[in-house]
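# Coordinate inspection notes
Spelled out from the first residue to the last, the chains are:
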Amino acid sequence: MAQQFEHLFSPLKIGSITVRNRIVSAAHFTRYAQGPEFLPGDRVAAYWASKARGGAGLIVTEGYSVHPTGGYDPFHRPEAVERYSRAAGAVHRHGAKLVVQLFHPGAEAGPQPFPPSITPWAPSAVPCPRAWAVPHEMTQDEIETIIRCFAHAARVARQAGADGVELHAGHGYLLTEFMSPYFNRRHDMYGGSLENRLRFPRQVIDAVRQEVGKDFVVGMKVNGSEHTEGGYTLDDVLVMLPQLTNGGKLDYISVTAGVYISGWSIAEPNYLPPGTFVPSAAAIKKVVDIPVFARGRVNDPVQAEEIIARGQADMVTMTRAQIADPDLARKAQEGRVGEIRKCIACLKCRENVARESPLVCTVNPAAGRESDFEIRPAKKVK
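Below is a summary of the structure that appears in this document.

Calculation rules
Residue indices follow the written sequence of each chain, beginning from 1 at its first position. Only residues with pLDDT of at least 70 are given local features in this predicted model, and only at 80 or more are side-chain atom pairs given and counted; all residues enter the totals for whole chains, interfaces and linings. Note that the side-chain values use all heavy atoms of the structure and ignore hydrogens as well as water. Helix and strand definitions here come from DSSP, where helices need a minimum of 4 consecutive H or I residues and strands a minimum of 2 consecutive E residues; each element is numbered from the N-terminal end. Each residue is placed in one exposure class: buried if its accessible area under a 1.4 Å probe, protein chains only, is under 20% of its type's maximum, exposed if it is over 50%, and partly exposed if it falls in between. Each polar contact in these results corresponds to two N or O atoms within 3.5 Å; when the atoms are within protein, one needs to be able to donate a hydrogen and the other to accept it, and residues that are neighboring in sequence are counted only if both atoms are side-chain atoms. Pairing between two strands is assigned when DSSP locates at least 2 bridges connecting them. A right-handed crossover is one whose linking path, passing over the helix from the first strand to the second, runs clockwise when the strands point away from the viewer. Note on aromatic contacts: the rings of Phe and Tyr and the six-membered ring of Trp form a pair at centre separations within 6.5 Å, being stacked when their planes are under 30 degrees apart, edge-to-face when over 60 apart, and tilted otherwise. Here, over-ring charges are defined by two tests on the NZ atom of lysine or the CZ atom of arginine: distance to the ring centre within 6 Å, and angle to the ring normal within 35 degrees. Multiplying 1.5 Å by the helix residue count minus one yields the expected span of that helix. By nonpolar core we mean a set of buried residues, namely Ala, Val, Leu, Ile, Met, Phe, Trp, Tyr and Cys, connected to one another through side-chain atoms within 4.5 Å. A contact between two residues is defined here by any heavy atoms of the two lying within 4.5 Å. Space inside and on the surface of the protein is sampled on a 1 Å grid over the protein atoms alone, with a cavity defined as a set of points where a 1.4 Å probe fits but cannot get out and a pocket as an open set with protein on both sides within 12 Å along at least 5 of 7 lines; lining residues have an atom within 4 Å of a point. Grid points are joined across faces, edges and corners, and a volume is the space filled by probe spheres set on the points. Three classes are used, and their members are as follows: Ala, Val, Leu, Ile, Met, Phe, Trp, Tyr, Cys and Pro are nonpolar, Asp, Glu, Lys and Arg are charged, and the others, Gly among them, are polar. Angles shown run from 0 to 180 degrees and are taken between the N-to-C directions of axes, each axis being a line fitted to C-alpha atoms and, for helices, limited to the stretch in contact. When the near helix sits turned anticlockwise from the far one by under a right angle, the crossing is termed left-handed; a clockwise turn instead gives a right-handed crossing.

Structurally, R295 can be placed in the loop between β12 (292-294) and α9 (301-309). Owing to a relative accessible area of 8%, R295 belongs among the buried residues under this scheme. At 2.5 Å, the side chain of R295 forms a polar contact with the side chain of T256.

Now the structure itself:
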């Protein structure tokens, strides 16, 4: 192992599992899933496995909706356990851990990549700027239904042999909408005060933990800030997160940023500096006692090593960096940093998905086509 990366390639205990290093491939839509229910098939399993084979410690799947009002619901399909099991096996064969991301898009269910026929469910009738429809304000019974669906989805992930689940409470999706004073205008027990706005995410956490037990990882992805006027800020998050984690039912926090009003912060363009949102993770790490993941254009192992060494985060999400080069971790560990193909933050990957096309990468033509490519050394070295 290259000694310059002693922190980056040290193991980390997260709940009941130990991850071999501090590199995460975070959740992102690919449009590689098969069928109307978006169940993972061979293509997306090969895509995740390529990052495991390349040395990443933790792979988080793309977000999967837990209820049909999220646009699709793979977890109630009879073949769900088998499909997720195949994906978990593909990742485990290469020594990495797999976490399944669970979410409900809330008001975001109106726009692409979700079907326009869906009437969004949300805490209040506050539309997302790109939505097709004003969302339906959820009733108490509907809230309880979604809570049960999160728990059911977590049970499926555990039965399939995944190592954990991640609850997506960022990017303007349902969990964060309840937390947000911008999206949540309710006047009942789920709205108004901070305690009330945290009630739904806390009930989801409780239901999921009760369903899967103590020896299964449950993490949460949370905005460090909504970067939206009227939304919550980092100062608010530093108050909220101790309340969400103090019951000991979450095993990690993955720090992200933004909602679709502030779309620039969801996937940083190349005019933002590397490590843009790492300071948010560093601040959050001071107020919680579980591992914290940082993101924000972390596309260089030297940069990632510094983040871990300085104690700004426990893991780094190098997602687009590993789309560009899924062997990034292995090359860094072997001291071959100069061979890493760098992400240029062009956002072609995100652009394609937004246009209902499979994810592609400007600098990696094999992305999503791993089963079609066999990389061999050239017969004649140039």
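Another aspect to go through is the pairing of strand β10 (residues 217-223). Within a regular beta strand, the side chains point alternately toward one face of the sheet and then the other, so they alternate between its two faces. The element β10 is extensively covered by neighbouring structure, given that seven of its seven residues are classed as buried. Burial of the side chains of β10 extends over both faces: V217, G219, K221 and N223 are buried on one face and V218, M220 and V222 on the other. Relative to β10, strand β9 (residues 164-169) is paired through six bridges, and the arrangement is parallel. Across the sheet, the residue bridging to L167 is M220, located in β10. Where β10 lies against strand β11 (residues 252-256), five bridges are found, and the strand directions are parallel. Considered in β11, the bridge of G219 is made with Y252. Tracing the backbone out of β10, into helix α7 (residues 234-245) and back to the parallel element β11 gives a crossover that is right-handed.

Another point: the packing of aromatic side chains. Scanning the model with the defined rule gives twelve aromatic pairs in all. Taken together, a centroid distance of 5.2 Å and an interplanar angle of 85 degrees make the contact between Y64 and Y84 edge-to-face. Of the two residues, Y64 is situated in strand β5 (residues 64-65) and Y84 in helix α2 (residues 80-92); the sequence distance between them amounts to 20 residues. Neither Y64 nor Y84 differs from the other in exposure class; each is buried. Counting every residue linked through ring pairs, the aromatic cluster contains F29, F103 and Y173. K51 extends its terminal NZ or CZ atom over the ring of Y47, reaching a point 3.5 Å from the ring centre.

Time to look at helix α3 (residues 140-159). Taking 1.5 Å of rise per residue, 20 residues should cover 28 Å, and α3 covers 29 Å from first to last C-alpha, within 8% of that figure. Among the residues making up α3, those that are buried are E142, I143, I146, I147, C149, F150, A151, H152, A153, A154, V156 and A157. A positive phi of about 95 degrees marks G161, the residue just after α3.

What follows is about the nonpolar core. Core analysis: the largest hydrophobic core is formed by 104 residues, its most contacted members being L102, L167 and F200. The leading source of residues in this core is α3, at ten residues. Apart from residues no more than four positions distant in its own chain, L102 is found in contact with Y64, V66, F75, F150, A153, A154, V165, E166, L167 and H168.

Before going further, it helps to spend a moment on the pairing of β9. Across the six residues of β9, six count as buried, placing the element largely inside the fold. Burial along β9 is two-sided: G164, E166 and H168 facing one way and V165, L167 and A169 facing the other are all buried. As paired elements, strand β6 (residues 97-103) and β9 share four bridges and run parallel to each other. Paired with L102 across the two strands is L167, which belongs to β9.

Here T256 is to be found in strand β11. Since its relative accessible area comes to 1%, T256 is described here as buried. Sequence separation of T256 and N223 is 33 residues, and the distance between their C-alpha atoms is 4.7 Å. With sequence-adjacent residues up to four places away left out, T256 is seen in contact with G170, H171, K221, V222, N223, G224 and R295.

Turning our eyes to something else, we now look at the layout of surface pockets. The calculated volume of the largest pocket comes to roughly 740 Å³. What lines the largest pocket is a set of 40 residues, among which A27, H28, I266, A267 and R350 lie closest to the centre. Only β6, β11, α10 (319-324) and α12 (348-354) provide two or more residues apiece to the lining of the largest pocket. A per-class count over the lining of the largest pocket returns 20 nonpolar, twelve polar and eight charged. By volume, the second largest pocket amounts to about 430 Å³. Taken together, 20 residues make up the lining of the second largest pocket; nearest its centre are P326, D327, R341, A366 and I375. When contributions to the lining of the second largest pocket are tallied by element, the ones reaching two or more residues are α1 (42-53), α10 and α11 (328-333).

Running from amino to carboxyl end, α7 crosses helix α8 (residues 278-285) at an angle of 35 degrees, the nearest separation of the two axes being 10 Å. In this structure, α7 meets α8 at a crossing whose hand is right-handed. Packed against α7, whose contacting residues are L234, V237, L238 and L241, the element α8 presents S280, A283 and I284 at the interface. Partitioning the contact of α7 with α8 into residue classes produces six nonpolar, one polar and no charged.

A positive phi angle is found at H171, which is not glycine, with a value near 60 degrees. Among the structural elements, H171 can be located in the loop between β9 and α4 (174-179). With a relative accessible area of 8%, H171 lands in the buried category.

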